Amino acid sequence: MAEKKEIASNSESQIPRGELCTRTLAMPSDTNPDGDIFGGWLMSQMDIAGGVLAGGIAKGRVVTISVDGMTFLRPVYVGDVVCVYGDVERLGNTSMVLSLEAWVLRRRQAPRIKVTEGRFTFVAIDDNGRPRAIPKDEISV
């Protein structure tokens, strides 16, 4: 039990890593049978946010190829404002690994609470769905 308290206190004292990619409101239709926000919904919000960031970096279409190290730290409740932040961990020729974090504002008020984190890998693709090079001319990672 002490370990869970340590995770909770650490997640509340940190600041989000990276840039804000998306913000949305958790609604009653997003809940599991116990009334908490369904983990799959939260994971999809993180994938959407990662796609926004990755698409901007790749200057075009991207696809998610893997999700690694997904950790659910705290529950998300109906009415929480879910903010997903992203940061580039690694940038390759056609792929990138993003560190994504979901933070919530309970009752739409500070402090922010980190609820989930994960590593998502995206690949830039062309119009035929084949991997393509990520343009490096204007990227500052």
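Quick caveat: nothing in here was measured; it's all calculated off a predicted structure.

J.: An account of the sheet that holds strand β4 (residues 95-106) is needed here, citing residue identities and associated values.
T.: Across the sheet, five strands lie side by side as β1-β3-β4-β5-β2; this open sheet has antiparallel pairing. Each edge of the open sheet carries a strand with a single partner, namely β1 (19-25) and β2 (62-72). On average, adjacent strands in this sheet sit at an angle of 30 degrees to one another, irrespective of strand direction. One ladder, built from eight bridges, connects β2 with strand β5 (residues 109-124); its direction is antiparallel. Looking at the pairing, Asp68 lines up with Arg119 of β5. Against the sheet, helix α2 (residues 39-58) contacts β1, β2, β3 (81-91), β4 and β5, and its axis sits at roughly 60 degrees relative to β5.

J.: Can you lay out the packing of aromatic side chains for me, pointing to particular residues and giving the numbers?
T.: Under the counting rule described, the total for this entry stands at one aromatic pair. Seen from their ring centres, Phe120 and Phe122 are 6.5 Å apart, and the 15 degrees between their planes marks the pair as stacked. Of the two residues, Phe120 and Phe122, neither departs from the other in class, the shared state being buried.

J.: Let's hear about unusual backbone geometry: which residues, and what values?
T.: The backbone of Lys59 shows a phi angle near 55 degrees, a positive value even though the residue is not glycine. With respect to the element layout, Lys59 can be found in the loop between α2 and β2.

J.: I'd like a description of the pairing of β3, backed by residues and values.
T.: Across six bridges, the pairing between β1 and β3 is antiparallel. Across the sheet, the residue bridging to Thr22 is Val84, located in β3. Hairpin connection between β3 and β4: a loop of three residues separates the two successive antiparallel strands.

J.: Go over the pattern of salt bridges, please, and point to the residues and values.
T.: In this structure the tally under the stated criterion is five salt bridges. For the salt bridge of Asp87 with Arg17, the shortest nitrogen-to-oxygen distance reads 3.0 Å. One end of the pair, Asp87, is in strand β3; the other, Arg17, is in the loop between α1 (2-13) and β1, with 70 residues separating them in the sequence. Residue Arg119 pairs with Glu89 through a salt bridge whose shortest N-O separation is 2.8 Å.

J.: Go over a nonpolar patch on the surface with me, naming the residues and quoting the values.
T.: A contiguous nonpolar patch, built from Met43, Val67 and Phe72 and spanning about 230 Å² of accessible area, is present on the exposed surface. Turning to its location among the elements, Phe72 is positioned in strand β2.

Quick notes on the rules
- Counting starts from 1 at the beginning of each chain's written sequence and moves along it residue by residue.
- Reporting in this predicted model follows two pLDDT cut-offs: at least 70 for local features of residues, and 80 or more for side-chain atom pairs to be given and counted; totals over whole chains, interfaces and linings ignore these cut-offs and use all residues.
- Calculated side-chain values reflect all of the structure's heavy atoms, with hydrogen atoms and water omitted.
- At least two DSSP bridges between two strands are needed for those strands to be called paired.
- Helix and strand assignments follow DSSP, with helices taken as H or I runs no shorter than four residues and strands as E runs no shorter than two, numbered in order from the N terminus.
- Here an angle of 0 to 180 degrees is reported between the N-to-C directions of two axes, which are lines fitted to C-alpha atoms, with helices fitted over the stretch in contact.
- Here a residue-residue contact requires only that any non-hydrogen atoms of the pair lie within 4.5 Å.
- Stacked, edge-to-face and tilted labels apply to pairs of Phe, Tyr and Trp rings (six-membered ring for Trp) whose centres lie within 6.5 Å, assigned for plane angles under 30 degrees, over 60, and everything in between, in that order.
- Per-residue accessibility, obtained with a 1.4 Å probe over protein chains only, is compared with the maximum for each type, and a residue is labelled buried under 20%, exposed over 50%, and partly exposed between these values.
- Should a side-chain nitrogen of Lys or Arg be within 4 Å of a carboxyl oxygen of Asp or Glu, the pair is scored as a salt bridge.
- By definition, no residue in a patch forms a salt bridge, and every one has over 30% relative accessible area; like charges are joined within 9 Å, nonpolar side chains (Val, Leu, Ile, Met, Phe, Trp, Tyr) within 5 Å.
- Values of accessible area rely on a 1.4 Å probe in the Shrake-Rupley scheme; residue burial ignores everything except the protein chains shown.

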